[in-house]
Every structure is written in structure tokens, then in C-alpha cells.
Amino acid sequence: MVFAMTLVLALLITCGTFPAAAQGSGLVIGDANGDGTVNMTDLAILNQYIAGYISAFPYDMADYTMDVNDDGYINQQDADLLTRFISGSLASLPAADIINNMPQTVFQYSYTNGAWIYTSMRLSIDNQGNIYTSGNVTPKVDPSTVKVPRFELEAMYMDLYLASQGTISNPRNAACDMGLHVYGGNIVKNGYFQSVFLKEYGDIDQENLSPYTQTLVDWLNGYIDLIY
Ligand SMILES: [Ca+2]
Ligand SMILES: [Ca+2]
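Residues numbered from 1 in each chain as written. Chains lettered and ligands numbered in written order. Predicted model: local features only at pLDDT ≥ 70, side-chain atom pairs only at ≥ 80, totals over all residues. Heavy atoms only, no water.

An unreviewed UniProt entry annotates the protein chain as cellulase of Ruminiclostridium papyrosolvens C7. The annotation that UniProt attaches to the protein chain under Catalytic activity (unreviewed entry) is "Endohydrolysis of (1->4)-beta-D-glucosidic linkages in cellulose, lichenin and cereal beta-D-glucans." (UniProt positions renumbered as here; feature names shortened; annotations may be inferred.)

Peer 1: What am I meant to see in the coordination of the calcium ion (ligand 2) here?
Peer 2: Octahedral metal centres with six donors ideally show angles of 90 or 180 degrees, and tetrahedral centres with four donors ideally show 109.5 degrees. Protein-derived ligands of the calcium ion (ligand 2) are Asp-67 (OD), Asn-69 (OD1), Asp-71 (OD), Tyr-73 (O), Asp-78 (OD) and Asp-78 (OD), with the metal-ligand distances lying across 2.2 to 2.5 Å. Each of the six donor atoms around the calcium ion (ligand 2) contributes to a set of angles spanning 51 to 161°, which defines the coordination as irregular. Counting gaps between the donor residues of the calcium ion (ligand 2) yields the pattern D-x1-N-x1-D-x1-Y-x4-D. (Donors = N, O, S within 2.8 Å, 3.2 Å for Na, K, Ca; no water. Tetrahedral: all angles 85-135°; square planar, octahedral: opposite > 155°, others 65-115°.)

Peer 1: Got a minute to help me understand the nonpolar core in this structure?
Peer 2: The nonpolar side chains of a soluble globular protein tend to be buried with one another. Ranked by internal contacts, the top residues of the largest apolar core, which has 55 residues, are Leu-27, Phe-107, Ile-125, Leu-160 and Leu-198. Counting residues per element, this core draws most heavily on helix α6 (residues 150-163), which supplies 10 residues. With residues near it in sequence (within four places) discarded, Ile-125 still touches Thr-105, Val-106, Phe-107, Asn-130, Ile-131, Val-148, Leu-153, Trp-219 and Leu-220. (Core = buried A, V, L, I, M, F, W, Y, C linked by side-chain atoms within 4.5 Å. Buried < 20%, exposed > 50% of the residue type's maximum accessible area, 1.4 Å probe, protein only. Helix = DSSP H or I, 4+ residues; strand = E, 2+ residues; numbered from the N terminus. Contact = heavy atoms within 4.5 Å.)

Peer 1: Please clarify how the sheet that holds strand β1 (residues 105-113) should be interpreted in this entry.
Peer 2: Picture the strands of a sheet paired through backbone hydrogen bonds; they go either parallel or antiparallel. If you walk across this open sheet you meet the seven strands as β3-β2-β1-β5-β6-β7-β4, and the pairing is antiparallel. Here the strands that pair on one side only, and so sit at the sheet edges, are β3 (131-135) and β4 (172-173). Of the pairings in the sheet, the one linking β1 to strand β2 (residues 119-126) comprises eight bridges and is antiparallel in character. Considered in β2, the bridge of Thr-112 is made with Ser-120. Sheet contacts for helix α7 (residues 213-227): β1, β2, β3, β5 (180-189) and β6 (192-202); angle to β6, the most-contacted strand, approximately 75°. (Pairing = 2+ DSSP bridges. Axes fitted to C-alpha atoms, helices over the stretch in contact; angles between N-to-C directions.)

Peer 1: Looking at this structure, I do not really get the packing of aromatic side chains. What am I missing?
Peer 2: What characterises a pair of aromatic rings is the spacing of the ring centres plus the angle enclosed by the ring planes. Evaluation of the coordinates by the stated rule reveals six aromatic pairs. Among the aromatic residues, those joined into a ring-pair cluster are Phe-107, Trp-219 and Tyr-223. (Phe/Tyr/Trp six-rings, centres within 6.5 Å; stacked < 30°, edge-to-face > 60°.)

Peer 1: Any chance you could explain helix α2 (residues 40-51) here in plain terms?
Peer 2: An α-helical turn contains 3.6 residues, so a residue and the one three or four places further along point in the same direction. Taking 1.5 Å of rise per residue, the 12 residues of α2 would be expected to cover 16 Å, and the 16 Å separating its terminal C-alpha atoms lies within 8% of that figure. Residues of α2 that are buried in the fold lie against α4 (76-87). Backbone nitrogen of Thr-41 and a side-chain oxygen of the N-cap are separated by 3.1 Å at the start of α2; the cap is Asn-39. Looking one or two places after α2, you find Gly-52, whose phi comes out positive at around 90°. (Expected span 1.5 Å × (residues − 1). Polar contact = N/O pair within 3.5 Å; in protein donor to acceptor, adjacent residues only side chain to side chain.)

Peer 1: What is the right way to read the confidence of the model for the protein chain from this model?
Peer 2: Note: predicted coordinates in regions of low pLDDT should not be interpreted at a detailed level. Residues with a pLDDT of 70 or more make up 89% of the protein chain, whose mean pLDDT is 91. Here residues 6-23 is a poorly scored stretch, pLDDT under 50, and it has 19 contacts once near neighbours within four places are set aside; other chains count. (pLDDT = per-residue confidence, 0-100.)

Peer 1: Can you walk me through the pattern of salt bridges in this structure?
Peer 2: Pairing between side chains of opposite charge can happen when their charged atoms approach one another. Summed over the entire model, instances satisfying the criterion amount to two salt bridges. The partner of Glu-154 in a salt bridge is Arg-150, with the nearest N and O atoms 2.8 Å apart. Taken together, the residues Glu-154 and Arg-150, both in helix α6 and four residues apart, mark about one turn of the helix. A relative accessible area of 21% means that Arg-150 is categorised as partly exposed. Notably, a salt bridge pairs Glu-207 with Arg-172, separated by 3.1 Å at the nearest N-O pair. Separated by 35 residues along the polypeptide, Glu-207 in strand β7 (residues 204-207) and Arg-172 in strand β4 bring together distant segments of the chain. (Salt bridge = Lys/Arg side-chain N within 4 Å of Asp/Glu carboxyl O.)

Peer 1: Looking at this model, I keep getting lost on the environment of Met-61. Mind explaining?
Peer 2: Structurally, the position occupied by Met-61 is in the loop between α2 and α3 (62-65). Its relative accessible area of 3% is what places Met-61 among the buried residues.

Peer 1: For this particular structure, what's the right way to read the packing of α6 against α7?
Peer 2: The geometry of a pair of packed helices is captured by two quantities: the angle between their axes and the separation between those axes. Packing of α6 against α7 leaves a shortest axis separation of 10 Å and a crossing angle of 140°. With respect to α7, the axis of α6 lies oblique. The interaxial crossing formed by α6 with α7 has left-handed handedness. Residues Glu-152, Met-156, Asp-159, Leu-160 and Ala-163 of α6 form the contact with α7, whose own contacting residues are Thr-215, Leu-216, Trp-219 and Tyr-223. Looking at the contact of α6 with α7 residue by residue, the classes come out as six nonpolar, one polar and two charged. (Parallel < 35°, antiparallel > 145°, perpendicular 65-115°, else oblique. Left-handed = near helix turned anticlockwise from the far one by under 90°. Nonpolar A, V, L, I, M, F, W, Y, C, P; charged D, E, K, R; others polar.)

Peer 1: I keep staring at unusual backbone geometry and nothing clicks. Help me out?
Peer 2: Excluding glycine, most residues fall at negative phi; most peptide bonds, likewise, are trans. Backbone geometry at Asp-70 places phi at a positive 45°, although glycine is not the residue there. Here Asp-70 lies in the loop between α3 and α4. Its identity is not glycine, yet Asn-190 carries a phi of approximately 50°, on the positive side. Considering the arrangement of structural elements, one finds Asn-190 in the loop between β5 and β6.

Now the structure itself:
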């Protein structure tokens, strides 16, 4: 999941073009074939995948949309939830609920260096995909002209939600007067707001040891490089 998404995003960020259907629409959780609806066909595809008859889904976002409880695995639990959802005994899929409860500010990055001349830059991404900057470094691109596509924001939020389970390494003194880059985000979990630390480097190195951290940091760096 992690590597496939990194490639997709790298391509999207590099080329600046997005699949037309995906421009404004979000992920349809439970949609295995990318037709925008959830029905018995999707359950049949999921069952084939779980049984090993197919090794990939016919839709490049299905590694996200078919993890219907956003636990990082696609298995029988997802099939059971999808069965209940399609039959009407489950009102909504857990991953859709998670996405629908995104906090106002979803991702944030900051850099501060007070060693010589004070410099700072901050970038945040809200739950509509809008990008905001502040600090005393002037962006090279006006952040209001850039918007994170909905499906991309939702996929990265699903990864952030998983990264919240990661343990955090001990801080290490790394360099002097290099300033500090900090990457993180926010989630709402079981009704509670929670900050998710991803990584910091510069004067101090410390990181979230979740396997989802690097994907998220690389993805954020794509927007940071675009704007600064
Ligand atoms: Ca479908
Ligand atoms: Ca799952």
C-alpha cells in the first residue's frame, strides 16, 4: 500500500495532472473497481483478492478503499464489514466514518532556525485540501493556487490515522544551529482530537517508527518543495 501510493503521488505531483474523475471527488470506501459505487461486484472482487485468486485490484486506489476499517490490512474483517454494509445492516463503513471526522487542520510542517537570522516557515493543509503558509520565508508559489485533490488527502489521512499507532523514537542530538524541521498531523479518534507526530530533524532527530511515516513525510515534502 505504502509504496504503490508513493509512486502514484510522485507521478501526480511531478506531472501536475490528475485523473479527471478523481479531481474533486473523494475515495468511495468499499469500491474495488473504481466505478464510484459499492455493490456485490466489489464484494466479489474483495473475496477473490482475499482468497488469492487475484493479487491486485482493478482500481489503483483500492488498497485504500478496500481497507474498509483502516487497520492497515485487507482481510476477512473487511469482507465481513462490506457484506453487512451492502446488505444494509451496517449504516456506514468505519473508514468512511474516519474520513468524515477529519479535524480542521490535518497536516502541518514547520521549520524554525533562530541561530543567526531568525527564519521560520510553516505550512498546513486543512480538511478541504487548502494549503496555508506563515512565517518570514516568502513562498515561491502562492499556496492559495494549490489544492490537494480530495482522494489524495483522504488516502493520506487514512495513513496518518494508522501512523498514530506508531511508537516514537528517543530524540537524538544531531547538529548545531541547523534549525528544526517538524512534520505532523492531527486526527480524530473515537471522538477525541489527537496530534500525530511524524518526524523532526535538524538540531534534533526524532521520528515516528510507523511504516506509514516515510510515505507521509515524502508526500508533505512534495508540497513543501512545490510552494517553498
Ligand atoms: Ca464498485
Ligand atoms: Ca482492514
